[in-house]
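Residue strings, one per chain:
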Amino acid sequence: ANSGFLIPPAAASSADDVLITRLPQPGRLVAVGDLHGDATAFRRVLEVTKLFDEGGGGWIGGDATLVQIGDVLDRGDDELELLSLLSLLKREAALAGGRVITMLGNHEVLNAAGVSVYASPRAAAGFDDRATAFRVGGELARELATWPVACVIGDTAFCHGGLTSEQARRGLAAGNREAAAWLRGESGPTPPELLWPSSPRSPRSPLWMRDLSEPPMAEPSAAACSDLSRALAEIGAKRLVVGHTVQPRISCGCDCSVYRIDVGLSRAMGVGGSPQALEVGKNGDVRVLS
């Protein structure tokens, strides 16, 4: 089925992006939270980051790296527009020596697994056959296969929901490869446990867990912080950046070893989140852009 979204051949055929597990610290490292189908909100936060000038120079971030934490899909009306804008940003950033990384969120996995009930009718109408395009092995699922579950840039780790010490010991690259193989349709229709825990006894998924972010703005439990400390030591990172659970503003917990950056940017979330992003400097300084 033709989705109406044209994936550049390089993005569609290359496995390089999904195999990104560790990168050196760039001059600027900026992270943006869940977008949920709202292109206007994304443009507002891009203005805040000063990485992109849509009306003028396009990507103006030079060699900066921008990480979007997942959940581009569902709820809002602008899915195709967001996917196209992200594709443009990836191409322009690469030409300037920069990089744009989109992380897998639980809503990307939902759609690849055939669960499309969270898509807005207007968004769905923009596709010839939205459900088929996102199903494993489909056109857009193969694009999602280039989105990592987790990665480390400099001394900062990123994943959508959280990271356990067990997952860290297993290896981030192994998880990225497993997710990519499923999305490409190489391992059957059932999502792996990494992406879709089948029971409460299953390992907590890095896309679904809320141990570090719920309730909003609260300090995580001592057990969650202790496990995060072990996970970060395992992967050689100082902090973890997550989305998934809406916060009134970007906040940190566990002595700022975790930053929660989902601020409900999408109008479809009904919270009117103000545009915010997180920046990690080369010297390790962390600040909120707003």
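Residues numbered from 1 in each chain as written. Predicted model: local features only at pLDDT ≥ 70, side-chain atom pairs only at ≥ 80, totals over all residues. Heavy atoms only, no water.

**Let's talk about unusual backbone geometry**
1) Next: Glu214 connects to Pro215 through a cis peptide bond whose omega is 0°.
2) Next: Along the chain, Pro215 falls in the loop between α9 (172–183) and α10 (222–235).
3) Next: A positive phi is found at Lys50, a non-glycine position, where the angle reads about 60°.
4) Next: Its identity is not glycine, yet His244 carries a phi of approximately 80°, on the positive side.
5) Next: Structurally, His244 can be placed in the loop between β9 (239–242) and β10 (251–253). (Helix = DSSP H or I, 4+ residues; strand = E, 2+ residues; numbered from the N terminus.)

**Describing the packing of helix α2 (residues 39–49) against helix α3 (residues 79–95)**
1) Next: One can describe the packing of α2 onto α3 by two numbers: an axis separation of 9 Å at closest approach and a directional angle of 30°. Compared by their axis directions, α2 and α3 come out roughly parallel. Contacts between α2 and α3 pair Ala39, Phe42, Arg43 and Leu46 from the former with Glu81, Leu82, Leu85, Leu86 and Leu89 from the latter.
2) Next: Looking at side-chain class alone, the contact of α2 with α3 contains seven nonpolar, no polar and two charged residues. (Axes fitted to C-alpha atoms, helices over the stretch in contact; angles between N-to-C directions. Parallel < 35°, antiparallel > 145°, perpendicular 65-115°, else oblique. Contact = heavy atoms within 4.5 Å. Nonpolar A, V, L, I, M, F, W, Y, C, P; charged D, E, K, R; others polar.)

**A closer look at α10**
1) Next: With 14 residues, α10 extends 20 Å between its outermost C-alpha atoms, agreeing within 8% with the 20 Å of an ideal straight helix rising 1.5 Å per residue.
2) Next: Burial in α10 covers these residues: Ala224, Cys225, Asp227, Leu228, Ala231, Leu232 and Ile235. For α10, the angular spread of the buried residues around the axis is 165°, confining them to a single face. Within α10, the exposed residues directed more than 90 degrees away from the buried face are Ala222, Ala223 and Ala233.
3) Next: One or two positions beyond α10, positive phi appears at Gly236, with a value near 70°. (Expected span 1.5 Å × (residues − 1). Buried < 20%, exposed > 50% of the residue type's maximum accessible area, 1.4 Å probe, protein only. Arc of directions from axis to C-beta.)

**A closer look at the pairing of strand β5 (residues 65–68)**
1) Next: Residues Thr65 and Val67 line one face of β5 and the alternating positions Leu66 and Gln68 line the opposite face, and both faces are buried.
2) Next: Note: strand β2 (residues 28–32) against β5, four bridges, orientation parallel. What sits directly across from Leu29, in β5, is Thr65.
3) Next: In terms of strand pairing, β5 meets strand β6 (residues 99–102) through four bridges, oriented parallel. Note on β6: the bridge partner recorded for Val67 is Ile101. (Pairing = 2+ DSSP bridges.)

**A word on the pattern of salt bridges**
1) Next: Within the structure shown, the criterion is met by 17 salt bridges.
2) Next: Salt-bridge contacts for Glu279 lead to Arg28; the nearest nitrogen and oxygen are separated by 3.0 Å. Of this pair, Glu279 sits in strand β12 (residues 277–281) while Arg28 sits in strand β2, and the two are 251 residues apart along the sequence.
3) Next: On the accessibility criterion, Glu279 (9% relative accessible area) is buried.
4) Next: Measuring nitrogen to oxygen at the nearest pair gives 2.6 Å for the salt bridge that ties Glu178 to Arg170.
5) Next: Taking relative accessible area as the criterion, Glu178 reaches 27% and is therefore assigned partly exposed.
6) Next: Via salt bridges that share partners, Arg204, Asp211, Asp227 and Arg230 belong to a single interconnected network. (Salt bridge = Lys/Arg side-chain N within 4 Å of Asp/Glu carboxyl O.)

**What to know about the sheet that holds strand β8 (residues 156–159)**
1) Next: The strand order β1-β7-β8-β9-β11-β10 describes an open sheet built from six strands, whose pairing is mixed. The open sheet terminates on both sides in strands that have one partner only, identified here as β1 (22–23) and β10.
2) Next: Of the pairings in the sheet, the one linking β1 to strand β7 (residues 150–153) comprises two bridges and is parallel in character. Looking at β7, one finds that Arg22 is bridged to Val152.
3) Next: Against the sheet, α10 makes contact with β1, β7, β8, β9 and β11 (258–260), and its axis sits at roughly 110° relative to β9, the strand it touches most.

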